[in-house]
Amino acid sequence: MWLRSLLIAFCEWCNNSFWGHGIRNSTWLFPFVEIFHLLALGVLGGTILIVNLRLMGLRFKNEPVSELARDVRPWMLGSLAVMLLSGFLLFSTEAVKMYGNWAFRGKMLFLLAAVIYTFTVHRKVVMADQSRLAPAVRVVVAIISLLLWTGVGLGGRALGYVTTSVGSVSSLLP
Amino acid sequence: MSLASFLQWLYNTPFSITMRESLWAEPIVETIHVLTLTLFLGFAVLLDMRLLGVAMKRRRMSEVLGQLNPWLFGGFAVMIVTGVLLFCADPIAFYSTTVFKVKMIMLVLAGLNVLIFNATVGRKIAEWDLSPTTPGGAKLAAVVSLVLWVFIISAGRWIAYALPPP
């Protein structure tokens with residue numbers, strides 16, 4: 001299938017890139033990048049959590065949702081950028097191996113869904129005039145957001161423990 | 001009982017053995033420990049940003065504290081409990097690393113930072129509650145907190161690399 005070959009070609013390109021090589025062959029670069037990934041996780045998770053807690057009416061009840069969201073948006077976007085960049089760098093150290101890791105695949109699907117959801121449905125509800133929305137709608141929208149991002153987090157934790165690979169990817173390795 | 005014999009005793013408790021030998025116990029506790037960072041670190045950063053006067057500027061300081069603190073302390077409690085559980089899995093190995101000891105010292109410093117803030121600038125919060133520019137003491141507390149947490153989290157990650165291989 002064309003998608004499969006495209007993804008494998010991309011993984012190989014990452015694997016062979018200078019940053020992939022550099023981080024893989026350095027003893028301290030991998031942990032260093034990992035720490036940025038972890039710190040950005042805290043900030044990203046915190047901003048997503050606080051907006052969703054507000055949507056559910058659990059925190060900052062006296063503030064409009066949109067205002068709180070606008071306040072934390074730069075931090076959310078900034079930390080998301082750091083996560084994507086550091087994540088890509090970490091991925092590049094063993095990209096071909098990650099292609100066959102089911103936890104990594106799950107994480108990427110959750111990430112794609114979470115990002116699309118955050119910038120479409122979630123954003124629309126957060127920015128909407130709250131008097132025109134049923135409280136139940138806000139709660140459901142918040143819970144879906146939390147579930148999607150939790151999926152990304154759990155996938156991230158799981159991929160380190162997964163050792164079996166999907167299909168026969170290892171046979172593609174040189 | 002000396003520290004060494006306490007660690008040895010802890011190592012031999014049935015609980016410690018279960019944590020060490022169970023296939024699922026450690027990954028589950030570790031996952032909770034790491035994912036609670038989104039709550040604890042995330043909210044701590046938001047609070048520090050307000051203390052620095054760079055985020056949530058139009059919100060009352062007392063409101064930000066009041067809204068974030070219960071969840072922040074809840075998250076901290078989860079981190080402490082799961083952290084202690086992880087430590088129990090192999091207390092001797094954890095204690096043998098320098099980075100673990102450094103992390104513990106920094107945790108105490110972070111706690112002292114909160115106590116000092118509450119006893120000084122935090123007590124006079126009514127004076128600057130609505131002001132977008134915060135007093136120097138508040139900024140100092142925020143910077144100390146941010147720096148300490150960056151190093152505490154880095155140290156936490158580093159422990160995994162510093163532990164002797166099983």
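1. So, the overall build of chain B
Here's step 1: For chain B, the helix and strand inventory stands at seven helices and zero strands.
Here's step 2: Along chain B, helices and strands appear, N-terminal first, in the series α-α-α-α-α-α-α.
Here's step 3: Seen through its principal axes, chain B has C-alpha atoms that stretch 55 × 30 × 25 Å.
Here's step 4: Within chain B, the proportion of its 166 residues that are buried is 28%.
Here's step 5: Sequence separation of at least 24 residues holds for 81% of the intrachain contacts in chain B that already meet a minimum separation of 6.

2. Quick notes on the overall build of chain A
Here's step 1: For chain A, the count of helices and strands is seven helices and zero strands.
Here's step 2: Ordering the α and β elements of chain A from the N terminus gives α-α-α-α-α-α-α.
Here's step 3: A principal-axis box enclosing the C-alpha atoms of chain A has dimensions of 60 × 35 × 25 Å.
Here's step 4: Counting across all 174 residues of chain A, residues that qualify as buried make up 36%.
Here's step 5: Here the contacts in chain A between residues at least 6 apart in sequence split such that 80% fall between residues at least 24 apart.

3. Quick look at the interface of chain B and chain A
Here's step 1: With 22 residues of chain B in contact, the opposing surface of chain A contributes 23 residues.
Here's step 2: Counting residues per element, the side of chain B that touches chain A draws most heavily on helix α3 (residues 25–52) of chain B, at twelve residues.
Here's step 3: Split by residue class, the side of chain B that touches chain A holds 15 nonpolar, five polar and two charged.

4. Focus: the confidence of the model for chain B
Here's step 1: Of the residues in chain B, 99% have a pLDDT of 70 or more, and the chain-wide mean is 91.
Here's step 2: Complex prediction metrics read pTM 0.89 and ipTM 0.86.

5. Focus: the packing of helix α6 (residues 98–119) of chain B against helix α7 (residues 136–162) of chain B
Residue and element names in this part refer to chain B.
Here's step 1: Between α6 and α7, the shortest axis-to-axis distance is 9 Å and the interhelical angle comes to 160°. What the angle tells us is that α6 and α7 run roughly antiparallel. Judged by the twist between their axes, the crossing of α6 over α7 is left-handed. Across from V99, F100, V102, K103, M106, L107, L109, A110, N113 and F117 in α6, the residues of α7 making contact are A141, V144, S145, L148, W149, F151, I152, A155, G156, W158, I159 and A162.
Here's step 2: Per-class residue counts for the contact of α6 with α7 are 18 nonpolar, three polar and one charged.

6. Quick word on unusual backbone geometry
Here's step 1: Positive phi outside glycine occurs at F60 of chain A, with the angle close to 50°.
Here's step 2: Looking at where F60 of chain A falls in the secondary structure, it is placed in the loop between α3 (29–55) and α4 (65–93).
Here's step 3: A tally of 22 C-beta atoms within 10 Å means that F60 of chain A is categorised as buried.
Here's step 4: A positive phi angle is found at M56 of chain B, which is not glycine, with a value near 50°.
Here's step 5: Mapped onto the elements, M56 of chain B comes out in the loop between α3 and α4 (61–89).
Here's step 6: By C-beta crowding, M56 of chain B is classed as buried, having 25 other C-beta atoms within 10 Å.

7. What about the environment of S79 of chain A?
Residues and elements named next belong to chain A.
Here's step 1: Structurally, S79 can be placed in helix α4.
Here's step 2: The class of S79 is buried, set by 23 C-beta atoms lying within 10 Å.
Here's step 3: Sequence separation of S79 and L147 is 68 residues, and the distance between their C-alpha atoms is 19 Å.
Here's step 4: Residues in contact with S79, not counting those within four places in the same chain, are A40, V43, L44 and T47.

8. A closer look at the confidence of the model for chain A
All names here are of chain A.
Here's step 1: For chain A, per-residue confidence averages 90 on the pLDDT scale, and 94% of positions sit at 70 or higher.
Here's step 2: At the level of individual helices and strands, chain A shows its lowest average pLDDT in helix α5 (residues 95–99), which scores 91, and its highest in helix α6 (residues 102–127), which scores 95.
Here's step 3: Below pLDDT 50 for its whole length, residues 168–174 participates in eight contacts with residues either more than four positions away or in separate chains.

9. Thoughts on the nonpolar core
Here's step 1: One finds V51 and V72 of chain A together with F40, F43, A44, L46 and L47 of chain B to be the most contacted residues of the largest nonpolar core, which totals 54 residues.
Here's step 2: Excluding its chain neighbours within four sequence positions, the residues that come into contact with L46 of chain B are G46, I50 and V72 of chain A together with A55 and L68 of chain B.
Here's step 3: Listed in part, the six residues of the second largest apolar core include C11, A95, Y99 and F104 of chain A.

10. Comments concerning the packing of helix α2 (residues 18–25) of chain A against α4 of chain A
Two measures define how a pair of helices packs: the angle their axes make with one another and the distance between the axes.
Residue and element names in this part refer to chain A.
Here's step 1: At their nearest, the axes of α2 and α4 sit 8 Å apart, and the two run at 75° to each other. What the angle tells us is that α2 and α4 run roughly perpendicular. Of the residues in α4, those touching α2 at W19, G20, I23 and R24 are L89, S92 and T93.
Here's step 2: Across the contact of α2 with α4, the residue classes break down as three nonpolar, three polar and one charged.

11. A look at the environment of P164 of chain B
Here's step 1: Relative to the assigned elements, P164 of chain B resides in the segment after α7.
Here's step 2: Residues P164 of chain B and T97 of chain B, spaced 67 residues apart in sequence, show a C-alpha to C-alpha distance of 8.6 Å.

Reading the values: the criteria
Residues numbered from 1 in each chain as written. Chains lettered and ligands numbered in written order. Predicted model: local features only at pLDDT ≥ 70, side-chain atom pairs only at ≥ 80, totals over all residues. Helix = DSSP H or I, 4+ residues; strand = E, 2+ residues; numbered from the N terminus. Buried ≥ 20, exposed ≤ 12 C-beta atoms within 10 Å, placed from the backbone. Contact = placed C-beta atoms within 7 Å. Nonpolar A, V, L, I, M, F, W, Y, C, P; charged D, E, K, R; others polar. pLDDT = per-residue confidence, 0-100. Axes fitted to C-alpha atoms, helices over the stretch in contact; angles between N-to-C directions. Parallel < 35°, antiparallel > 145°, perpendicular 65-115°, else oblique. Left-handed = near helix turned anticlockwise from the far one by under 90°. Core = buried A, V, L, I, M, F, W, Y, C linked by C-beta atoms within 7 Å.

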